[in-house]
Amino acid sequence: ETRAVGVATFWHGLLGFDAGGHPVTPVYMWADTRSEGEAQLLRTALDDEAVHARTGCHLHSSYWPAKLRWLARDRPAEIQRVSRWGSFGEFLELSLFGEATTSVSMASGTGLMDQTRLRWDPEALAAAELEDRHLFPIAPRIEGRHGLRAPWAGRWPALRTASWFPAIGDGAASNIGSDCTDPARVALNVGTSAALRVVTRDNPTPSRGLWRYRVDRNRSLVGGATSEGGNVFAWCRQVLRLGGDDEIEAALARLAPDAHGLTVLPHLAGERSPGWRGGRHGVIGGLRIDTTAVEITRAALEAVALRLAMVYRLLAPCASGDHIVVASGGALGRSRTWTQIIADALGHPVTWSAETEATSRGAALLALEALGVLPDLAAARQTLGETFTPDRAHHARFRDAIERQRRFDERV
């Protein structure tokens with residue numbers, strides 16, 4: 001018997017619904033930077049530091065206030081059809097049950113929720129030119145929904161009586177699924193983008209450059225996400241026409257750290273943490289006639305690691321003094337060399353998670369907790385995988401590389 005279904009979906013995705021609950025817009029994702037101009041206007045009109053303290057989010061193109069203002073000006077005919085705005089999680093719940101709420105977790109990633117009061121923030125709503133009736137209500141507690149409607153009840157008879165919990169953010173689920181459930185463990189995830197995150201029972205005001213979202217009403221998630229990660233590796237593979245996985249890995253491993261003479265700004269999808277400048281673009285400096293494709297790739301992967309090192313410096317005070325860094329995500333699982341580069345850049349050991357589906361596992365664990373089956377998430381912890389210990393000499397070289405990257409960033 002299936003007692004419950006846990007759901008996780010991507011944070012920040014913005015989707016418009018008509019009065020009948022049908023989607024009438026595309027899903028606008030975090031990497032869509034077309035609203036950067038509106039984000040800049042909001043930063044000049046509002047106190048970004050105060051908004052950040054309340055909502056946990058900077059005024060940036062990846063969040064809803066800027067996106068909604070951009071849509072109002074660029075696509076007025078489209079949004080006239082919209083009665084309410086939500087995420088893919090609300091779309092799923094509407095499809096299955098005919099009604100929906102927004103979980104605290106999903107609301108926390110919009111840039112519109114007051115993180116302390118756990119309600120829609122009036123100033124952020126005004127900035128987005130929105131009223132709370134244009135959003136789904138925030139679920140008052142963790143509670144499953146029952147009663148699948150047709151055709152789903154017929155398609156999934158085993159799930160008719162199951163409790164379906166509101167969708168939570170993928171990053172929150174990933175932390176839980178990789179057993180990073182308290183400040184003793186920092187989650188490092190490198191998928192399409194990359195992030196470092198810490199779960200805490202406190203409600204801290206995040207340092208500038210970081211964000212604060214939520215797992216649920218009792219647990220905050222503090223961290224930083226870069227817009228670059230596996231997407232940079234994928235770009236190198238496609239554009240530079242690299243060889244097979246084993247060939248690339250061996251070639252990357254043969255190169256010494258920061259020995260390529262290149263400085264890379266890997267902002268192929270704008271910048272999130274730590275600078276939050278959505279209009280940034282990628283740049284490669286130092287190219288020579290003898291620069292190879294593998295050197296460009298190594299420099300790009302190191303550049304992602306340097307950005308993560310900047311985030312780690314901001315985030316480390318939120319973790320316990322003897323914390324460990326646990327890595328998950330498909331991009332790192334294919335490259336021991338990149339994992340070692342990140343460990344060297346952080347100056348802290350990085351341990352692989354043994355879990356290949358951390359997000360799905362996290363959604364399942366939180367559902368078990370809500371049912372009362374699992375009173376302590378720590379009791380479900382799995383054995384960790386291989387640990388990559390940083391090389392002190394390499395770390396010193398990467399510290400210099402961070403400073404060089406910073407100076408290069410200022411010039412361009």
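Here the structure is a predicted model, which is why all the values come from computation and not from measurement.

Colleague: When you look at the overall build of the protein chain in this model, what are you seeing that I'm missing?
Modeller: If you tally the helices and strands in the protein chain, you get 16 helices and 17 strands. Radius of gyration (C-alpha) of the protein chain: 22 Å, near the 22 Å computed for a compact globule of 412 residues. Working note: accessible area of the protein chain is about 17300 Å², and carbon and sulfur atoms make up 51% of it. The average position of the 47 basic charges and that of the 47 acidic charges among the side chains of the protein chain differ by 1 Å.

Colleague: Quick question: what am I supposed to make of the pairing of strand E15 (residues 324-328) here?
Modeller: Along any regular strand, the residues point their side chains to alternate faces of the sheet. The buried count for E15 comes to four of five residues, which makes it a mostly enclosed element. In terms of strand pairing, strand E9 (residues 185-190) meets E15 through five bridges, oriented parallel. Looking across to E15, one finds that Asn 189 is bridged to Ser 328. Relative to strand E16 (residues 350-352), E15 runs parallel, the two being bridged by three bridges. Paired with Val 326 across the bridge in E16 is Thr 351.

Colleague: Help me out: how do you make sense of the sheet that holds strand E17 (residues 387-388) in this one?
Modeller: The strands that make up a sheet are held in pairs by hydrogen bonds between backbone atoms, and each pair lies either parallel or antiparallel. With mixed pairing, seven strands are arranged side by side in an open sheet as E11-E12-E10-E9-E15-E16-E17. On the outer flanks of this sheet lie strand E11 (211-214) and E17, each paired with one strand and no other. Bridge analysis of E11 against strand E12 (residues 220-226) gives four bridges, and the strand direction is antiparallel. Each residue of the ladder has a partner; that of Tyr 213, found in E12, is Leu 221.

Colleague: Explain the nonpolar core to me, please; I cannot follow it from the model alone.
Modeller: In a soluble, globular protein the nonpolar side chains are often hidden away together inside. If you look at the biggest cluster of nonpolar residues, it comprises 42 residues, and the most contacted ones within it are Leu 188, Val 190, Leu 196, Leu 308, Leu 332, Trp 338 and Ile 342. Sorting elements by how many residues they give to this core places helix H12 (residues 293-315) first, with eleven residues. Contact partners of Ile 342, with chain neighbours within four places excluded, come to Leu 188, Val 190, Ala 305, Leu 308 and Leu 332. By size, the runner-up hydrophobic cluster in this structure holds 31 residues, among which are Ala 172, Trp 211, Leu 365 and Leu 374.

Colleague: Help me out: how do you make sense of the environment of Asp 179 in this one?
Modeller: The topology assignment puts Asp 179 in the loop between helix H9 (170-177) and E9. Asp 179 gets classed as buried once you look at its relative accessible area, which sits at 3%. Separated by 145 residues in sequence, Asp 179 and Ile 324 have C-alpha atoms that sit 11 Å apart. Not counting residues within four places of it along the chain, the set of residues in contact with Asp 179 comprises Arg 185, Arg 361, Ala 380, Arg 381 and Gln 382. Here the side chain of Asp 179 touches Gln 382 through a polar contact of 2.9 Å, landing on its backbone nitrogen.

Colleague: What am I meant to see in the packing of aromatic side chains here?
Modeller: Given two aromatic rings, one states the distance between the centres and the angle between the planes to describe the pair. Evaluated as defined, the whole model comprises 13 aromatic pairs. Between the aromatic rings of Trp 156 and Trp 164, the centroid separation amounts to 6.0 Å while the plane-to-plane angle is 25°, which identifies the pairing as stacked. Under the relative-accessibility criterion, Trp 164 is labelled buried at 9%. An aromatic cluster is defined as three or more aromatic residues linked by ring pairs; in this entry it consists of Trp 11, Tyr 63, Trp 211, Tyr 213 and Trp 276. Over the ring of Phe 233 we find Arg 237, and its NZ or CZ is 4.5 Å from the ring centre. Directly above the ring of Trp 30 sits Arg 272, whose terminal nitrogen or CZ lies 3.8 Å from the centroid.

Colleague: Before we go on, may I ask you to explain helix H5 (residues 88-97) in this structure?
Modeller: Spacing of three or four residues puts side chains on the same side of an α-helix, whose turn is 3.6 residues. Those residues of H5 not exposed but buried are Gly 89, Glu 90, Glu 93, Leu 94, Leu 96 and Phe 97. For H5, the elements touching its buried residues are strand E2 (8-9), strand E3 (15-17), strand E4 (84-86), helix H8 (152-155) and strand E7 (163-164). Where H5 begins, the capping side chain belongs to Ser 87, and its oxygen is found 3.1 Å from the backbone nitrogen of Gly 89.

Colleague: Would you take a moment to explain a nonpolar patch on the surface for this structure?
Modeller: Nonpolar side chains collect at one region of the surface, where Trp 235, Val 239, Leu 268, Ile 284 and Leu 287 lie side by side and expose about 430 Å² of accessible area between them. Along the chain, Val 239 falls in helix H10 (residues 230-239). For Val 239, a relative accessible area of 45% puts it in the partly exposed group.

Colleague: Quick question: what am I supposed to make of the side chain of Asp 114 here?
Modeller: On the secondary structure map, Asp 114 appears in strand E5 (residues 113-114). Here Arg 117 takes part through its backbone nitrogen, which lies 3.0 Å from a polar atom of the side chain of Asp 114. Apart from residues lying up to four places away in sequence, Asp 114 is in contact with Arg 54, Arg 119, Trp 120 and Asp 121.

Colleague: When you look at the pattern of salt bridges in this model, what are you seeing that I'm missing?
Modeller: Inspection of the entire model under this criterion finds 34 salt bridges. We note a salt bridge from Glu 143 to Arg 141, for which the minimum N-O separation is 3.4 Å. Arg 277 serves as the salt-bridge partner of Asp 409, at 2.7 Å between the closest nitrogen and oxygen. With Asp 409 in helix H16 (residues 392-411) and Arg 277 in the loop between strand E13 (263-265) and strand E14 (283-285), this residue pair connects regions lying 132 residues apart in the sequence. The exposure class of Asp 409 is buried, given its relative accessible area of 9%. The exposure class assigned to Arg 277 is partly exposed, which follows from its relative accessible area of 30%.

Colleague: I keep staring at unusual backbone geometry and nothing clicks. Help me out?
Modeller: Leaving glycine out, the prevailing phi sign among residues is negative, and the prevailing peptide bond configuration is trans. The omega torsion of the bond from Ala 150 to Pro 151 falls at 0°, within 30 degrees of zero and hence cis. Within the secondary structure, Pro 151 sits in the loop between helix H7 (122-127) and H8. Of note, the bond from Ser 273 into Pro 274 is cis; its omega dihedral lies within 30 degrees of zero at -5°. In this fold, Pro 274 is placed in the loop between E13 and E14. The phi angle at Arg 241 is positive, at roughly 55°, despite the residue not being glycine. Following the sequence through the fold, Arg 241 ends up in the loop between H10 and helix H11 (245-254).

The rules behind these values
- Residues numbered from 1 in each chain as written.
- Predicted model: local features only at pLDDT ≥ 70, side-chain atom pairs only at ≥ 80, totals over all residues.
- Heavy atoms only, no water.
- Helix = DSSP H or I, 4+ residues; strand = E, 2+ residues; numbered from the N terminus.
- Rg over C-alpha atoms; globule rule 2.2 N^0.38 Å.
- Areas by Shrake-Rupley, 256 points an atom, 1.4 Å probe, with all protein chains shown as cover.
- Lys, Arg positive; Asp, Glu negative; His and termini not counted.
- Charge placed at Lys NZ, Arg CZ, Asp CG, Glu CD.
- Buried < 20%, exposed > 50% of the residue type's maximum accessible area, 1.4 Å probe, protein only.
- Pairing = 2+ DSSP bridges.
- Core = buried A, V, L, I, M, F, W, Y, C linked by side-chain atoms within 4.5 Å.
- Contact = heavy atoms within 4.5 Å.
- Polar contact = N/O pair within 3.5 Å; in protein donor to acceptor, adjacent residues only side chain to side chain.
- Phe/Tyr/Trp six-rings, centres within 6.5 Å; stacked < 30°, edge-to-face > 60°.
- Lys NZ or Arg CZ within 6 Å of the ring centre and 35° of its normal.
- Patch = residues over 30% accessible without salt bridge, like charges linked within 9 Å, V, L, I, M, F, W, Y side chains within 5 Å.
- Salt bridge = Lys/Arg side-chain N within 4 Å of Asp/Glu carboxyl O.

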